Amino acid sequence: MSGTSASLQPPADAVTPVRHPDAPAPGELLGAHYGECFGCGGEQPHGLHLQARAGEGVSLTAEFAVRPEHQGAPGLAHGGILATALDETLGSLNWLLRTIAVTGRLETDFRRPVPVGTTLHLEAEVTAVAGRKIYSRATGRVGGPDGPLAVRAEALFIEVKVDHFIDNGRPEEIRAAMSDPDQVRRARAFEVNP
C-alpha cells in the first residue's frame, strides 16, 4: 500500500505467523462466527453474508455479492461497505491462529469502483505477529480472483480476552449468546472481532 502508517509496520522482533493445529483445513468454509454479524452473519438481511474459506498457511479467501442495499453512489458499492468487507475478511484470519482479536487499525486503499451486481473476491493473509499484535493485509478484486484490483487494506489486530466483549457488549446480546444451548455457536460468538 502506498503511504502505510508506521503503526502497521511490524517491529523488528515480530515473528512469522503459525497456523494453529486446530484451525480449519485449507478449503474449508469458515462460516459465520455470530448470526447477527453484519459482515458474515446469515441473520442480517442487509449484511454482506461474506463467505470465507481457509487457505494455506495463515491465509484465506472470501467473497460477497454486492447488492443494491450496499450502494453509495447509484449503482456502486459504498466505500464503507467495502471497508467492512475488508475488515471482516481480515478478522476471519484470526480463526486460523485460534486467537480472539479485535481491529486496532485498518487502512484501506480504494483503487476502482465496485458495481452493484458484481462479486468482490478477497484474499487475506497474516504477515507477522508481535506479542498481542497481529499484522495482516487483504486485497479485493472485481469479478474473480484474477479480476481488476478494486480495494486493498492493511490491518493491525489486537488479541483480547473474552471479557472484552462481556464488559463492553450490550447485555441482552451477551446473555443470549452465552445462554445458547449450542456449545459451538456459543464459543464462536466471541471468537473473532464481533
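Higher on the page you've got the structure.
What counts and what doesn't
- Sequence order as written defines residue numbering, which begins from 1 separately in each chain.
- For a predicted model such as this one, the threshold for reporting local features is a pLDDT of at least 70, and the threshold for listing and counting side-chain atom pairs is 80 or more; totals across whole chains, interfaces and linings nevertheless cover every residue.
- The side-chain quantities take in all heavy atoms of the structure and omit both hydrogens and water.
- Strands are runs of DSSP state E lasting at least two residues, helices are runs of H or I lasting at least four, and both sets are numbered from the N terminus onward.
- In protein, a polar contact means a hydrogen-donor-capable atom and an acceptor-capable atom, both N or O and within 3.5 Å, with residues adjacent in sequence counting only if both atoms are side-chain atoms; elsewhere, any N or O pair within 3.5 Å suffices.
- Here the term buried applies to any residue with accessible area under 20% of the maximum for its type, exposed to any over 50%, and partly exposed to those in between, with areas from a 1.4 Å probe on protein chains only.
- What makes two residues a contact is simply this: any of their non-hydrogen atoms within 4.5 Å.
- A pair of strands is treated as paired once DSSP finds two or more bridges between them.
- Helix axes are fitted only over the stretch in contact, all axes being lines through C-alpha atoms; the angle between N-to-C directions runs from 0 to 180 degrees.
- The set of buried Ala, Val, Leu, Ile, Met, Phe, Trp, Tyr and Cys residues whose side-chain atoms join them within 4.5 Å is what this entry labels a nonpolar core.
- To estimate the expected span of a helix, subtract one from its residue number and multiply by 1.5 Å.
- Any Lys or Arg side-chain nitrogen found within 4 Å of a carboxyl oxygen on Asp or Glu counts as a salt bridge.

Participant: Could you clarify how one ought to interpret the side chain of T99 in this entry?
Facilitator: Within the secondary structure, T99 sits in the loop between helix 2 (94–97) and strand 3 (101–110). Among the polar contacts made by the side chain of T99, one reaches the main-chain carbonyl oxygen of L97 at a distance of 3.3 Å.

Participant: Honestly, the environment of E125 in this entry has me stumped. Any pointers?
Facilitator: Relative to the elements of secondary structure, E125 occurs in strand 4 (residues 119–130). Overall, E125 belongs to the partly exposed group, its relative accessible area being 30%. Considered as a pair, E125 and L60 are 65 residues apart in the sequence and their alpha carbons are 6.5 Å apart. Leave out the neighbours within four places in its chain, and E125 touches V58, S59, L93, Y135, S136 and R137. Within the structure, the side chain of E125 is placed 2.7 Å from the side chain of R137, a separation counted as a polar contact.

Participant: Would you take a moment to explain the sheet that holds strand 5 (residues 133–142) for this structure?
Facilitator: By way of backbone hydrogen bonds, the strands of a sheet pair with one another, either parallel or antiparallel. Spatial ordering of the open sheet is given by 1-2-4-5-6-3, a layout of six strands whose pairing is antiparallel. Each edge of the sheet is formed by a strand with only one pairing partner; in this case those strands are strand 1 (51–54) and strand 3. Each strand of the sheet is rotated relative to its neighbour by a mean of 20°, with strand direction disregarded. As paired strands, strand 4 and strand 5 are joined by 10 bridges and run antiparallel to one another. Its bridge partner lying in strand 5, L122 is registered against G140. The strands that helix 1 (residues 79–92) touches are strand 1, strand 2 (59–65), strand 3, strand 4, strand 5 and strand 6 (149–159); relative to strand 6, the one it contacts most, it runs at about 50°.

Participant: Sorry, what's going on with the nonpolar core here?
Facilitator: One recurring pattern in soluble globular proteins is that nonpolar side chains are buried together. Counting 36 residues, the largest nonpolar core has F64, L90, V114, L120 and L122 as its most contacted members. Going through the elements one at a time, strand 1, strand 2, helix 1, helix 2, strand 4, strand 5 and strand 6 are the ones with two or more residues in this core. Beyond its immediate sequence surroundings of up to four residues, L120 is in contact with A62, E63, F64, L82, V114, G140, R141, V142, A150 and V151. Counting six residues, the second largest nonpolar core, distinct from the first, contains A130, Y135, L156 and I158.

Participant: Help me understand helix 1 in this model?
Facilitator: The periodicity of an α-helix, 3.6 residues per turn, causes residues three or four places apart in sequence to face the same way. Here helix 1 is 14 residues long and its end C-alpha atoms lie 20 Å apart, about the 20 Å a rise of 1.5 Å per residue gives. In terms of burial, helix 1 is a largely internal element, 11 of the 14 residues being buried. Every buried residue of helix 1 is listed here: I81, L82, A83, A85, L86, D87, E88, T89, L90, G91 and S92.

Participant: Explain the pattern of salt bridges to me, please; I cannot follow it from the model alone.
Facilitator: Pairing between side chains of opposite charge can happen when the charged atoms of each approach one another. Enumeration over the complete set of coordinates arrives at five salt bridges. Of the charged contacts, one joins R67 and E69 as a salt bridge, the two residues approaching to 2.6 Å between their closest N and O atoms. Relative accessible area serves as the criterion here: at 36%, E69 is assigned to the partly exposed category. Residue R152 is joined to D109 by a salt bridge in which the shortest nitrogen-to-oxygen separation is 3.0 Å. One end of the pair, R152, is in strand 6; the other, D109, is in strand 3, and 43 residues separate them in sequence. As far as the burial class goes, R152 and D109 line up, both buried.

Read these as spatial facts, not as claims about activity.
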